[in-house]
Amino acid sequence: MIDKIVKEIELTEEGRAEIIINIKPFDELELRNVKFKLDTGADITTINKNELKVLGYGKEWIINNMSKHPALTVTRAGSKNEPAYYVQIPKCNILGRDLFNWPIYIRPETDKDFPNLLGIDILHNFDFDFRYSSGILAIWPINESYIKIPMLASQEIFAVKSSS
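In this numbering scheme, every chain counts its residues from 1 along its sequence in written order. Where totals are concerned, whole chains, interfaces and linings use all residues; where local detail is concerned, this predicted model gives features only for residues with pLDDT of at least 70, and gives and counts side-chain atom pairs only at 80 or more. Heavy atoms throughout the structure, all of them, feed into the side-chain values; hydrogens and water do not.

1. Re the packing of aromatic side chains
Centres within 6.5 Å make a pair out of two Phe, Tyr or Trp rings, where for Trp the six-membered ring is used; the pair is then stacked when the planes are under 30 degrees apart, edge-to-face when over 60, and tilted otherwise. Enumeration over the complete set of coordinates arrives at 5 aromatic pairs. Plain terms: the ring middles of Phe-128 and Phe-130 are 6.0 Å apart, the flat faces sit at 90 degrees to each other, and that makes the pair edge-to-face. Working definition: with a 1.4 Å probe on protein chains only, accessible area under 20% of the residue-type maximum means buried, over 50% means exposed, and in between means partly exposed. You can call Phe-128 partly exposed: its relative accessible area is 27%. Ring plane angle 10 degrees and centroid distance 5.5 Å describe the contact between Phe-130 and Tyr-132, whose orientation is recorded as stacked. What makes Tyr-132 exposed here is its relative accessible area of 54%. One aromatic cluster is present, built from ring pairs that chain together Phe-26, Tyr-57 and Trp-61.

2. What about unusual backbone geometry?
Non-glycine residue Asn-101 carries a positive phi angle of around 55 degrees. You can see Asn-101 is positioned in strand S8 (residues 97-106). With a relative accessible area of 34%, Asn-101 lands in the partly exposed category. Under the scheme used here, helices are H or I runs from DSSP no shorter than 4 residues and strands are E runs no shorter than 2 residues, and both carry numbers assigned from the N terminus.

3. So, helix H2 (residues 59-67)
For H2, the set of buried residues is Trp-61, Ile-62, Asn-65 and Met-66. Buried residues in H2, looked at end-on, bunch into an arc of 125 degrees, giving them a common side. Counted as exposed and oriented over 90 degrees from the buried face of H2: Lys-59, Glu-60 and Ser-67. Only heavy atoms matter for contacts: two residues are in contact if any of them lie within 4.5 Å across the pair. Buried residues belonging to H2 abut helix H1 (49-54), strand S7 (86-94) and S8. The directions from the helix axis to the C-beta atoms form the arc being described.

4. Re the sheet that holds strand S11 (residues 136-141)
Strand pairing is assigned whenever DSSP detects at least two bridges linking the two strands. Here 3 strands make up an open sheet; going across it, the order is S1-S11-S10 and the pairing antiparallel. A single partner strand is all that each edge strand has here, and the edge strands are strand S1 (7-10) and strand S10 (126-131). Adjacent strand axes in the sheet meet at a mean angle of 20 degrees when their direction is disregarded. Bridge analysis of S10 against S11 gives 6 bridges, and the strand direction is antiparallel. By the bridge assignment for S11, Arg-131 is matched with Ile-136. An axis is simply a line fitted to the C-alpha atoms; with a helix, the fit covers only the stretch in contact. Between two such axes, the angle follows the N-to-C directions and lies from 0 to 180 degrees.

This is the structure we're talking about:
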């Protein structure tokens, strides 16, 4: 049995939790830190298209990858329904859990609120406790060895606990 490892994250002055997800760039082996806002009201995890480009996933790769998968209709706060397209990131690490071929949705270009959001599709694998009096978010995995992600028919994904 794996010990329950609680990660404590300092909240921003606004009381927001920012989670670092380590993502593999397109042509590199080393994972890079990418900041995501924890959003318990978001159904899906999303990334800004410019962030993908910084990671080496160019416009052509994004367009080709998006065209292989169906769009999901999402509703943003204060907005009408719009399509969200996803791409599959070959490898990343979220709070000690490795993911391979992770489906992540591209944020609408017009959404300026926050570039990257960590939604319930990932967060349902974790318990968390906002400790506003001390300015801390405590977060720990619910399941022992992998992250369960809701699947679309065209998705192929698996996740395993990191060995580090």
